Amino acid sequence: MPDFDPNRRQLLKASTVAVGGVAVASQLAQPAQAAPAAQPATNTTPTTMSIRLKVNGIEHQLMVDPRTSLLDALRDRLHLTGSKKGCDQGQCGACTVLIDGRRTTSCLTLAVMQEGHEITTIEGLGTPTNLHPLQRAFVKHDGFQCGFCTPGQICSAVGMLEEIRAGAPSHVTADLTAQVVASPMEFRERMSGNICRCGAYSNIQEAIAEVAGVKP
């Protein structure tokens, strides 16, 4: 008698096929489950917020978009249009203002970051009847042509001279252990971030040198 009956083998095959078919059919018979409904995105960022800016000694309460740059807040909300929007990427220096006495490109900082700080624009440096010494020197030496970059140039020069007085070195400072000496080379290096499309650099340097008491 053989160990395994061929008829039994055929029976096992038929049973396996039948069971598999029933499983597939039961899966197909089940109703398809609907995909979960997409949840609406929640935006937790406030559309506006209240800030207080102290500009040229005057405090201003503003409602601004948190993404508003300081430059846009100055120009569009406070109507202080002396600071110019040139490249809007921090490369030309036309928007330079002073924040706590330090020169800053206002297009690269947010207005909401400047609460509690002293902001000075070109309008706060002097008046038509009482010009800042650098403003007078720019007029005297014709340190501008179209004038677009001039507010940023002057604000940057004010901050730059304070950096030298404080002893902050620059890339061209030869001796980092000695007191920084104001010089035309220092002026050129430190003012290199302020671009003049008209090319009035020599006159700008003369104006800065006069105020600093340095021979150009």
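Residues numbered from 1 in each chain as written. Predicted model: local features only at pLDDT ≥ 70, side-chain atom pairs only at ≥ 80, totals over all residues. Heavy atoms only, no water.

The protein chain goes by Aldehyde dehydrogenase iron-sulfur subunit in an unreviewed UniProt entry, where it is assigned to Massilia phyllostachyos.

A.B. asks: Explain helix α7 (residues 201-212) to me, please; I cannot follow it from the model alone.
C.D. replies: Every α-helical turn comprises 3.6 residues, leaving residues that sit three or four positions apart pointing alike. Taking 1.5 Å per residue, twelve residues should reach 16 Å; α7 reaches 16 Å between its end C-alpha atoms and fits that length. Regarding α7, the residues found buried are I204, Q205, A207, I208 and A209. Buried residues in α7 make contact with α4 (133-140), α5 (150-165) and α6 (184-190). Taken from the residues just after α7, G213 is the one with a positive phi, measuring 75°. (Helix = DSSP H or I, 4+ residues; strand = E, 2+ residues; numbered from the N terminus. Expected span 1.5 Å × (residues − 1). Buried < 20%, exposed > 50% of the residue type's maximum accessible area, 1.4 Å probe, protein only. Contact = heavy atoms within 4.5 Å.)

A.B. asks: What is the right way to look at the nonpolar core in this model?
C.D. replies: The tendency in soluble globular proteins is for nonpolar side chains to be buried side by side. L125, L134, M160, F187 and I208 are the most contacted members of the largest nonpolar core, which totals 24 residues. Looking at this core, the elements with two or more residues in it are α3 (122-125), α4, α5 and α7. Element by element, the count of residues in this core is highest for α5, at seven residues. Excluding its chain neighbours within four sequence positions, the residues that come into contact with L125 are L98, T120, H132, Q135, I154, C155 and V158. Listed in part, the 14 residues of the second largest apolar core include I51, V55, L78 and I99. (Core = buried A, V, L, I, M, F, W, Y, C linked by side-chain atoms within 4.5 Å.)

A.B. asks: Would you take a moment to explain the side chain of S83 for this structure?
C.D. replies: One can find S83 in the loop between α2 (70-77) and β3 (96-99). Not counting the four nearest positions on each side in its chain, S83 is found in contact with L71, L74, R75, A94, C95, V97, T121 and I122.

A.B. asks: Hey, could you run me through empty space enclosed by the protein in this one?
C.D. replies: Using a probe with the size of a water molecule, rolled over the atoms, empty space left in the structure can be pinpointed. Applying the stated criterion across every chain yields a total of one cavity of 30 Å³ or more. Taken together, G143, F144, Q145, C146, G147, C149, T150, C196, C198 and I204 make up the lining of the largest cavity. Along the lines of polarity and charge, the residues of the lining of the largest cavity split into six nonpolar, four polar and no charged. (1 Å grid on protein atoms, 1.4 Å probe; cavity = no way out; pocket = protein on both sides within 12 Å on 5 of 7 lines; lining within 4 Å. Points joined across faces, edges and corners; volume = space filled by probe spheres on them. Nonpolar A, V, L, I, M, F, W, Y, C, P; charged D, E, K, R; others polar.)

A.B. asks: Sorry, what's going on with the sheet that holds strand β4 (residues 102-105) here?
C.D. replies: Within a sheet, each strand pairs with its neighbour through backbone hydrogen bonds, oriented either parallel or antiparallel. As summarised here, the arrangement of the five strands in space is β2-β1-β5-β3-β4, forming an open sheet in which the pairing is mixed. Strands with a single pairing partner mark the edges of an open sheet, and in this sheet they are β2 (58-64) and β4. This sheet shows a mean twist of 40° between the axes of neighbouring strands, independent of strand direction. Pairing of β3 with β4, which is carried by four bridges, proceeds in the antiparallel orientation. (Pairing = 2+ DSSP bridges. Axes fitted to C-alpha atoms, helices over the stretch in contact; angles between N-to-C directions.)

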